Amino acid sequence: MAIRNYLIEGVSGAGNTSVATEMQRRGYHVLHGDRELAYKGDPITGEPIDLSLLDQDSLDSTFGHRHHVWDVGKVDKAIEDKSHAMAFFCGGSRNLPSFIHLFSAVFVLDVDAETLRKRLSVRPEDEFGSKPAEQEFVLQLLATKENIPVDAIVIDATAPLPAVVDTILSLCRTSA
């Protein structure tokens, strides 16, 4: 790889989108994984799931989370782009094991349960984590640290956003 690629993830409400937006504002190349790469699919095979064929009652928060995957072909193509010194992929994916090796480092945004509750409580109704059942599910994920990659660098995302981004960028520079 000619450029360094970094993954920034964390539970819904930890600040993935905010960090991505701030990185872009500062001129860095960013991919919003949950917006640009994600779909509902099998986390092992990557096969897309036709949600219209499923019993709508079975499509709860757990199902959506467990089948939230990224298009590996799009990840590969983005990584092949050598026109940027650094690229930041922000968001989470259940098929991460199929492409985690492509990243120079993985950062996990971490917050405490109280901060997470506050952030989720002000989410727009159409965003994941806005509904009480989704909030409880996200809080459970936070408590269990499920899906947190081994060897990830934990970032305190309760700090002000500019400080969170400064910390990530500083760690990227020292790992170069």
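The preceding data block contains the structure.
Sequence order as written defines the numbering, with residues in each chain counted from 1. Totals for whole chains, interfaces and linings use every residue, but because this is a predicted model, local features are given only for residues with pLDDT of at least 70 and side-chain atom pairs only at 80 or more, for both listing and counting. Heavy atoms throughout the structure, all of them, feed into the side-chain values; hydrogens and water do not.

Draft legend 1. Focus on the packing of aromatic side chains. Paired rings are identified among Phe, Tyr and Trp, the last through its six-membered ring, by centres lying within 6.5 Å, and are further divided according to the angle between planes into stacked (under 30 degrees), edge-to-face (over 60) and tilted (the rest). For the structure shown, the criterion picks out 6 aromatic pairs. Judged by centre distance (5.8 Å) and plane angle (90°), the rings of Tyr28 and Phe88 are edge-to-face. A residue pair is termed long-range when its members are at least 10 positions apart, and Tyr28 in the loop between helix 1 (16–25) and strand 2 (29–32) and Phe88 in strand 5 (residues 86–90) qualify at 60 residues. Judged by relative accessible area, which is 23%, Tyr28 ranks as partly exposed. Classification of Phe88 as buried rests on a relative accessible area of 0%. For the pair Phe99 and Phe103, a centre-to-centre distance of 6.2 Å together with 65° between the ring planes defines the contact as edge-to-face. For the pair formed by Phe99 and Phe103, the shared burial category is buried. Clustering of aromatic rings is evident, with ring pairs tying together Tyr6, Tyr28, Phe88 and Phe107. Strands are runs of DSSP state E lasting at least two residues, helices are runs of H or I lasting at least four, and both sets are numbered from the N terminus onward. Exposure classes here rest on a 1.4 Å probe applied to the protein chains alone. A residue is buried below 20% of its type maximum, exposed above 50%, and partly exposed in between.

Draft legend 2. Main features of the packing of helix 5 (residues 113–121) against helix 6 (residues 132–144). Only the contacting stretch of a helix is used when fitting its axis, a line to C-alpha atoms as for every element, and angles between N-to-C directions run 0 to 180 degrees. At a closest axis distance of 10 Å, the pairing of helix 5 and helix 6 adopts a crossing angle of 150°. One element, helix 5, and the other, helix 6, form an angle in the roughly antiparallel class. Helix-helix and strand crossings are classified by hand; for helix 5 and helix 6 the assignment is right-handed. Two secondary-structure elements touch here, helix 5 through Ala113, Leu116, Arg117, Leu120 and Ser121 and helix 6 through Gln135, Val138, Leu139 and Leu142. Small angles under 35 degrees read as roughly parallel and large ones over 145 as roughly antiparallel, with 65 to 115 read as roughly perpendicular and the rest as oblique. By definition, turning the near helix anticlockwise from the far helix through less than a right angle yields a left-handed crossing, and turning it clockwise yields a right-handed one. Throughout, a residue-residue contact means that at least one pair of heavy atoms, one from each residue, lies within 4.5 Å.

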